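# Overview (structure and organization)
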Amino acid sequence: MTAEIIDGKAFAATVRGQVAEHVAKLQAGHGITPGLAVVLVGEDPASQVYVRSKGKQTVEAGMASFEHKLDAATSESDLLALIERLNNDPQVHGILVQLPLPGHIDSDLVINSIDPAKDVDGFHISNVGLLGTGQKSMVPCTPLGCLMLLRDRHGSLSGMDAVVIGRSNIVGKPMAQLLLGDSCTVTIAHSRTRDLPAVTRRADIVVAAVGRPEMVTGDWIKPGATVIDVGINRIDAGEGKTRLVGDVHFDSAAAVAGAITPVPGGVGPMTIACLLANTVTACCRANGLPEPQGLTP
Ligand code: NDP
């Protein structure tokens, strides 16, 4: 069997198009422009690339982008003061603090200082609790993107056996909550899981969010299963070059799976698309307007 390749790049473009359409309606009908503030502390090169890309796509969708680039030595109290200003700024509907933060700053304290209604990353403890109890919340972007891809392929996920490899607060745990919300039977696997290949071989859906290059191989996959590869790993490609690979060994898994996301071009583009979607959703909620359909769980 050769798996269908799930084109996350194309799907993300569709989501961004839906976002742009909704933004245009908000502007024409209500004179409101959704705004996203992104805060970057320090010079981490990967974070700088992400922030640039987020700003560019925010503007392309017709929204306002507010970038705050702070020195690596910025104090925790100065960062908290900025977040307070953004919380109170009516032009800002979404706030994202790019992680990781420098070691002298308490990330949990900072994330939990964001107004939960503007927490478009969905990491605030209130949003975590709301998602866990099946209530309306802001949902973390990467798992939301994975859910959209899965629903697009399968329609209803009800009754499917899903294994999420990884239990991080950013990906693994919210992913499991979302799949549970869609009535999957969910297993969360991690570094202490015994006989992981046997666990994944039972699954109709495997979501790999581990951070270990090409760990999941074809013999771990049930024939016909859907494989969502969240991993982004840069490996040595020889001659001083590097290349990106996922947590799944693509060729061997694609020979067995029914469908699979590639890396790059799978989950990655969905993350920023969902960030834009969350910002429009936050803007609609803040203004008591109907939310865009299909962009929330
Ligand atoms: P974390 O490092 O926070 O979590 C990794 C998880 O994998 C942990 O729960 C860990 O288990 C588990 N794990 C580690 N080794 C093994 C193993 N040998 N077998 C089974 N489980 C294992 O990573 P993140 O969740 O933040 O990210 C995961 C991957 O997703 C990374 O490659 C990251 O770059 C990528 N990513 C991609 C995004 C995108 O937009 N596409 C967005 C966010 C992340 P334990 O808890 O027991 O230590």
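Nothing here was measured: the structure is a model prediction, and the numbers come from that model.

We now examine the nonpolar core. Formed by 55 residues in total, the largest nonpolar core has its most connected members in V19 and L179. Among the secondary structure elements, those contributing two or more residues to this core are α1 (8-30), β2 (35-41), α6 (141-154), β5 (161-165), α7 (172-181), β7 (205-208) and α10 (267-286). The element best represented in this core is α10, accounting for eleven residues. For this core, the two domains that each supply at least three residues are domain 1 (30-117) and domain 2 (141-269). With residues near it in sequence (within four places) discarded, L179 still touches L150, L157, A162, V164, C184, V186 and V207. Residues V163, A189, V206 and V227 belong to the second largest nonpolar core, which totals 19 residues.

Take the state of the cysteines next. Using the criterion set out here, one finds zero disulfides in the structure. For the unlinked cysteine C274, the closest cysteine sulfur is that of C141, found at 6.4 Å. A relative accessible area of 0% means that C274 is categorised as buried.

Below, the discussion takes up the domain arrangement of the protein. Interface extent is often summarised as the accessible area lost during association of the parts. Each assigned domain of the protein is listed with its residue range as follows: domain 1 (30-117) and domain 2 (141-269). Taking only C-alpha atoms into account, the centre of domain 1 sits 29 Å from that of domain 2.

Conventions we followed
Residues numbered from 1 in each chain as written. Predicted model: local features only at pLDDT ≥ 70, side-chain atom pairs only at ≥ 80, totals over all residues. Heavy atoms only, no water. Core = buried A, V, L, I, M, F, W, Y, C linked by side-chain atoms within 4.5 Å. Buried < 20%, exposed > 50% of the residue type's maximum accessible area, 1.4 Å probe, protein only. Helix = DSSP H or I, 4+ residues; strand = E, 2+ residues; numbered from the N terminus. Domains from an automatic or database assignment. Contact = heavy atoms within 4.5 Å. Disulfide = S-S within 2.5 Å.

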